Every structure is written in C-alpha cells, then in structure tokens.
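# Topology and contacts: notes
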Amino acid sequence: MKKKVLVIGAGIAGISAALELAKCDFYVYLLEKNASIGGWVSSFTCKAHDKCTKCSVCVAKRKIREVLVHPDISILTNSTLKQCHGEIGHFDVEIEQNPMHTDQELQEQKLAVHAIIPAIGFELFDVKQYGRLGYGRYRGVLTGFDLEKTMLENGNLHFPVNNTHAPSIAFIQCAGSRNDNNNYCSRVCCKYAMRFALLIKHLNPAVSVTIFFIDIQNAGKGFAPVYEECVGSIQFIRGIPVEVIENPGKRLEVRYENIAQGNVKRDVFDFIILSAGIVPRPGTWDLARKLGINLDEYGFFGTTGTFNSNDTNVKGIFTAGSCQGPKDIPDTIAHGIAAAERIVEVFAK
Amino acid sequence: MALLINEQDTKFKYDVAREAGGENITLCFACGLCTASCPVSEIDADYNPRKIIRMVLLGMRQRVLSSDFIWLCTQCYTCQAHCPQKVNFSDVMKALRSMAVREGYVTPAFMERIKEIDSFMQKLRHEMVMTIVDRKNKETDIRPEHIASDVLKKRSL
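Residues numbered from 1 in each chain as written. Chains lettered and ligands numbered in written order. Predicted model: local features only at pLDDT ≥ 70, side-chain atom pairs only at ≥ 80, totals over all residues.

### Description of the pairing of strand 1 (residues 3-8) of chain A
Residues and elements named next belong to chain A. The sheet contact formed by strand 1 and strand 2 (residues 26-31) spans 6 bridges and is parallel. Residue pairing across strands places lysine 3 opposite phenylalanine 26, the latter belonging to strand 2. In terms of strand pairing, strand 1 meets strand 7 (residues 115-118) through 4 bridges, oriented parallel. Bridged to valine 7 within strand 7 is isoleucine 117. (Pairing = 2+ DSSP bridges. Helix = DSSP H or I, 4+ residues; strand = E, 2+ residues; numbered from the N terminus.)

Here you go:
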C-alpha cells in the first residue's frame, strides 16, 4: 500500500511537493482552504516583453494543470485542518470541508497519513497601514499584486491621454518590508518591479518609468543582466518617497530625497505601484499550534537549522514554500520539491 | 565634503549609541525618509538628517558636534514617525545636543537660548493662527509675514 502524505495548501509550493511525492510512489491529499487551487500564482501574469524574463509564472501554471489530473493526488478544496494527533508514520488528522452549496452541510472526515507538509504560503503586507502612501485613497496607487491582476485581465495599464505631459509610472520598493515589524527583505519585489518596468516600457514606449529603491536586491540566477537591461530605459532613484498626494490635476505627487544628489524633490506620476512586502499568513500561528511546530522570530514556520529549511521540530512535518520565509517562484518550487524529497528520504530508511 | 581619515573618531557612533535616545543610530540603512519628510530640509537644502546620521556613523565627531545643523532641528518627530528602522532621529538629535554641551562645543546658556526660541516660535504660531481665525471671513489674502509683524507689534511678544 502506498504511503500517504497530507499537503496543506495548494499553492505552488504544495503543488510542487505533491507532484514530486506522487512521482515517488506516495499518495497525496492536497488540502486547499479556497474553492480553487493555485494560490497567488493563478492571479499572476507572464512578464515577457519581446523576450522571456524568466518570471516562471508559466512553469507554475503548468504544474497546476498537471496536479489536477494526477491519479495519485486527491484534491480537497474548501477544506481546512481541524485537528492533528500522532507522530511520524501515523498522523491522525481531521479535515473540515465547507459546503460548496448552501443546502449542503459541513463535512468532516478523518485521514491517516504518514507525513504532513504545511505549505500555506504568505500574505501581502497591508499597505493601508502606510496611510502616507495613499493606498485605498487614490485610484492610481496600486500594489504590485493589483498590477499583476490588472495586467492579467487587460494586458496593459490604461494611461490617461494628455497633451501637456508625458504619462509616467513609479514603483516604490520596500513598502512593508525591512521595517521594524517585518525586518527582512521580501526578495521578490525588486525583481517583479524591474520585470514590470521593462514590460510597461515595452508596451508603452512613451511612458517614463521610475523605480524608487533603497538598494536593489536582484538576487537570483541570471538576474544581474535584467538590471543592466533596465538601466538604459528605466530611471532608478535611490530614496523612498515619504508621501503621495493628489495634485489639482488629479495626478499623484510624491516627495522624496534623491540620495545620489542629496536634495529633496517632488515628482508627478499617473500611477504609483507599491511593492508590498511578504508577511506571514494570519493562519500561520493557528496551524503551528495544531501541528505543534515552532514559529521563527518573524512569525513564519521555524525550521531546525540554518542549513535545513524543511525540517520542523516535529518529526514527520516538513515545511514548504513561503510559509517558511519569502521566496520567489523558482525557489518555492525547489523548496516544495525539497520537502517532498525529505519525506522520500525519511521513509526510504 | 572631504572625509579625512585621521580626523575620524571610529568610536563616535558607539558614544552616541550609549547616550539616551541614540541607541538605534547604527540601524540606519539610508532610505532617505527622514530627509524627505523633514520640514527644516524643506526650507534649508543644506540641512539633511540622513547626512547627519552618515556623518555620525563615519565618525566625524568634531564636524557633527560643532555644526550648526544639530541646532536647526525643530524636534517635530516627523522623521521618527516615518523611519522604518526606528532610528529615532529626534532623540538622536537630543543626544548630540547634550554631547555638544558636555564636550564644550557650546555653552549651556546657548542651549537654553535655543529652548527659548523654540517656545517663542510656538507662542508666535499660536498668536498668528488666532489672528487669522479672528479675521478669517474678512481678509483672505493676508500674507504670513504681515500677520507675523502685526502680532509682534500688537502683542509685544
């Protein structure tokens, strides 16, 4: 009989882990809180301009299609974990399934699994906490995720047509990362801001694109050339705007210190994109309590060692993806596969 | 601004960090929010909180403690509200001021005079606002300078 694994969260980390486990002859229950699987990535858009910028969204979406038809993966949508007891090799878990229709009742089922992978992902920092940046007050102020959705639905941003000034857009980095509450880098924002900057410039050559940054974190294989590509056409300004206000012409005025020049300046834009940071999902604490695993200092799932980012303090429970810390898509896929491989390794002994 | 290596005091930042209010000085990653939000930088382009922090971190003890900059801060705490790293720059300013007094760069009487100016400015602002409240429906185009001179003449502040 096949060994069974419960994967909590059908985002890209959970899906990668599930596919890898199924490939290695395990049976997987893939638990998803929402009605549809895919998580954040299903709202993301391809960011290729005239060539691919390797954002990996297509890779993730291919995996979603793959998991849907896999015979050894049972997908439980609208479901959450209610209780969990046991130890490695025989965990007894209780699953609560919310009804799809109003005439159905709440269903509960018990499963016996050998191992558990919590892969519940992240939440975006609520940039409304930064009232000064005007998110929710001005229509032109969007988060990076809003831009992903808009670009996926419409294929482009609609810049206002005006003869008096050229259309412009600015990205403000570190909105909610590297502050006193979330004192870490979210790792994805610089990269998607630069990819979007290139894409928007490609689609609308007349638009001037500015990126306000503290320092560009272009980590990742082959990302340095993308920055080099941006330098020619995108304006990089070191210095974070303190305030966004709407001027009488309904455009967005920002005040910032241009650190390279050492003076305070004002600029006007049509759109402001806030690179909202990655924070732990609100349910992280609750799930950690049910599973008995530790959280780290920032509220993500904690792991046992600096060089081991999958093993938790409970044997048989392995974290995957950005519930352990901020990750981009390739890293999330790799981390999901790593968690699956740890299970394969543990049960091969 | 030239930086002379032999004039540097590498312990300066630790001295500031030991001073009450200066504890978080070394956390600064120079995002520029303090300068962008500062009302003094708005009217005096040479006044730059971010640069003052850099000068402290680089160990320019004499240059910082003898500078005019540390007395220009209005202690409005705007920078402190915006700082993502809780550097608490208004408190750092207080620390630098008390160090400047203690190390003999200015006299205690000088510091008292600065405090008097600050409180005088608050009185003046209060009187100016009250003046304009009094005549808000009569003259709407009155200039701040005129209100100020009126207030100074009438109320003999």
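### Observations concerning the domain arrangement of chain A
A common way to express how large an interface is: the accessible area buried when the components associate. Residue and element names in this part refer to chain A. Domain annotation of chain A identifies domain 1 (3-121 + 281-348) and domain 2 (124-278). Domain 1 and domain 2 are separated by 31 Å when their C-alpha centres are compared. Listed per partner, the contact involves 14 residues of domain 1 and 19 residues of domain 2. The residue inventory of the side of domain 1 that touches domain 2, partitioned by class, reads 4 nonpolar, 5 polar and 5 charged. (Domains from an automatic or database assignment. Contact = placed C-beta atoms within 7 Å. Nonpolar A, V, L, I, M, F, W, Y, C, P; charged D, E, K, R; others polar.)

### Describing the sheet that holds strand 11 (residues 208-213) of chain A
As a general point, the strands of a sheet are linked pairwise by backbone hydrogen bonds and lie either parallel or antiparallel. Residues and elements named next belong to chain A. Spatially, 9-16-10-11-12 is the arrangement adopted by the 5 strands of the open sheet, whose pairing is parallel. Whereas interior strands pair on both sides, the edge strands pair on one side only; in this sheet they are strand 9 (141-143) and strand 12 (235-238). Averaged over all pairs of adjacent strands, the angle between their axes in this sheet comes to 25°, without regard to strand direction. Pairing geometry for strand 10 (residues 168-175) and strand 16 (residues 271-276), over 5 bridges, is parallel. Each residue of the ladder has a partner; that of alanine 175, found in strand 16, is alanine 276. (Axes fitted to C-alpha atoms, helices over the stretch in contact; angles between N-to-C directions.)

### Overview of the pairing of strand 4 (residues 79-87) of chain A
Residues and elements named next belong to chain A. Taken together, the 8 bridges between strand 4 and strand 5 (residues 90-97) define a ladder with antiparallel strand orientation. Looking at strand 5, one finds that cysteine 84 is bridged to valine 93. Following strand 4, the chain reverses through 2 residues before pairing antiparallel with strand 5; glycine 89 in that reversal takes a positive phi of roughly 100°.

### Some words on the interface of chain B and chain A
Listed as interface residues are 18 residues of chain B and, on the opposing side, 15 residues of chain A. Elements that contribute at least two residues to the side of chain B that touches chain A include exactly helix 2 (33-37), helix 3 (39-43) and helix 4 (49-57) of chain B. The element best represented in the side of chain B that touches chain A is helix 2 of chain B, accounting for 4 residues. Partitioned by chemical class, the residues of the side of chain B that touches chain A number 7 nonpolar, 7 polar and 4 charged.

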